[in-house]
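So you can see what is in the structure, the chains are spelled out below.
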Amino acid sequence: MPQELTLFQKIIARDIPANIEHEDDTCIAIHDIAPQAPTHILIIPKKLIPRVGEAISSDQSTLGHLLLTASQLAKKLNLENGFRIVINNGPDGGETVPHLHVHLLGGRSLQWPPG
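Residues numbered from 1 in each chain as written. Predicted model: local features only at pLDDT ≥ 70, side-chain atom pairs only at ≥ 80, totals over all residues. Heavy atoms only, no water.

Peer 1: Would you mind showing me how to read the overall build of the protein chain here?
Peer 2: For the protein chain, the count of helices and strands is 2 helices and 5 strands. Secondary structure of the protein chain in N-to-C order comes out as α-β-β-β-α-β-β. Its C-alpha atoms put the protein chain at 45 × 30 × 30 Å along the principal axes. Residues counted as buried form 35% of the 115 residues belonging to the protein chain. Taking contacts inside the protein chain between residues at least 6 apart in sequence as the whole, the part at least 24 apart equals 55%. Treating the 9 positive side-chain charges of the protein chain as one cloud and the 12 negative ones as another, the clouds have centres 4 Å apart. (Helix = DSSP H or I, 4+ residues; strand = E, 2+ residues; numbered from the N terminus. Buried < 20%, exposed > 50% of the residue type's maximum accessible area, 1.4 Å probe, protein only. Contact = heavy atoms within 4.5 Å. Lys, Arg positive; Asp, Glu negative; His and termini not counted. Charge placed at Lys NZ, Arg CZ, Asp CG, Glu CD.)

Peer 1: Honestly, the environment of Val-52 in this entry has me stumped. Any pointers?
Peer 2: Looking at where Val-52 falls in the secondary structure, it is placed in the loop between strand 3 (39-45) and helix 2 (60-76). Put simply, Val-52 and Asn-88 are 36 residues apart on the chain and 8.1 Å apart in space, counted from C-alpha to C-alpha. Apart from residues no more than four positions distant in its own chain, Val-52 is found in contact with Ile-87, Asn-89 and Leu-100.

Peer 1: How should the sheet that holds strand 4 (residues 83-86) be read in this particular structure?
Peer 2: Backbone-to-backbone hydrogen bonds pair the strands of a sheet. The strands run either parallel or antiparallel. Taking strand neighbours across the sheet as the criterion, the 5 strands line up as 1-2-3-5-4 in an open arrangement whose pairing is antiparallel. Looking at the sheet topology across the chains shown, the edges are occupied by strand 1 (20-23) and strand 4. This sheet shows a mean twist of 20 degrees between the axes of neighbouring strands, independent of strand direction. Contacting strand 1, strand 2 (27-31), strand 3, strand 4 and strand 5 (102-106), helix 2 runs over the sheet at an angle of about 155 degrees to strand 3. (Pairing = 2+ DSSP bridges. Axes fitted to C-alpha atoms, helices over the stretch in contact; angles between N-to-C directions.)

Peer 1: Can you walk me through helix 2 in this structure?
Peer 2: Because an α-helix completes one turn every 3.6 residues, residues spaced three or four positions apart along the sequence face the same direction. End to end, helix 2 covers 24 Å across 17 residues, agreeing with the expected 24 Å (1.5 Å per residue, within 8%). If you check which residues of helix 2 are buried, you get Thr-62, Leu-66, Thr-69, Ala-70, Leu-73 and Ala-74. Seen along its axis, helix 2 keeps its buried residues to an arc of 140 degrees; they face one direction. Facing away from the buried surface of helix 2 by more than 90 degrees, the exposed residues are Gln-60, Ser-61, Leu-68, Gln-72 and Lys-75. In this structure, the buried side of helix 2 is in contact with strand 1, strand 2, strand 3, strand 4 and strand 5. Positive backbone phi, at 60 degrees, marks Asn-78, one or two positions downstream of helix 2. (Expected span 1.5 Å × (residues − 1). Arc of directions from axis to C-beta.)

Peer 1: Just checking my understanding: could you explain the layout of surface pockets for this structure?
Peer 2: The method is simple in principle: a probe with the dimensions of a water molecule rolls over the atoms, and the space it marks as empty is what remains. Considered as a void within the structure, the largest pocket measures approximately 560 Å³ in volume. Of all the secondary structure elements, the ones that give two or more residues to the lining of the largest pocket are helix 1 (7-12), strand 2, strand 3, strand 4 and strand 5. Considering each element in turn, the lining of the largest pocket owes the most residues, 3 residues, to helix 1. Residues that form the lining of the largest pocket fall into these classes: 16 nonpolar, 12 polar and 3 charged. (1 Å grid on protein atoms, 1.4 Å probe; cavity = no way out; pocket = protein on both sides within 12 Å on 5 of 7 lines; lining within 4 Å. Points joined across faces, edges and corners; volume = space filled by probe spheres on them. Nonpolar A, V, L, I, M, F, W, Y, C, P; charged D, E, K, R; others polar.)

Now the structure itself:
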């Protein structure tokens, strides 16, 4: 029985609309539909990696690409005063979609500790 596609796979396939900020061969970056900051972008690999805790050594290039893309988007979106990158892993880590994604948050002062 085939596994159901994740929400993000459906967005990548254009089965579900999204506000796309960036796309390349490795990832897609979309605006979060429930933003937690004035700028809240999700950077999602096109390859399904369920969570960072399940990444394997062959995912190294993809993982690096996600962080470099976040940095490039932060510059593009004028987050020169700072930004936060978050990766949730598992239910207790705040994961809601079983498809690795990087949150890029900025546009306001972010407090510590989060959550």
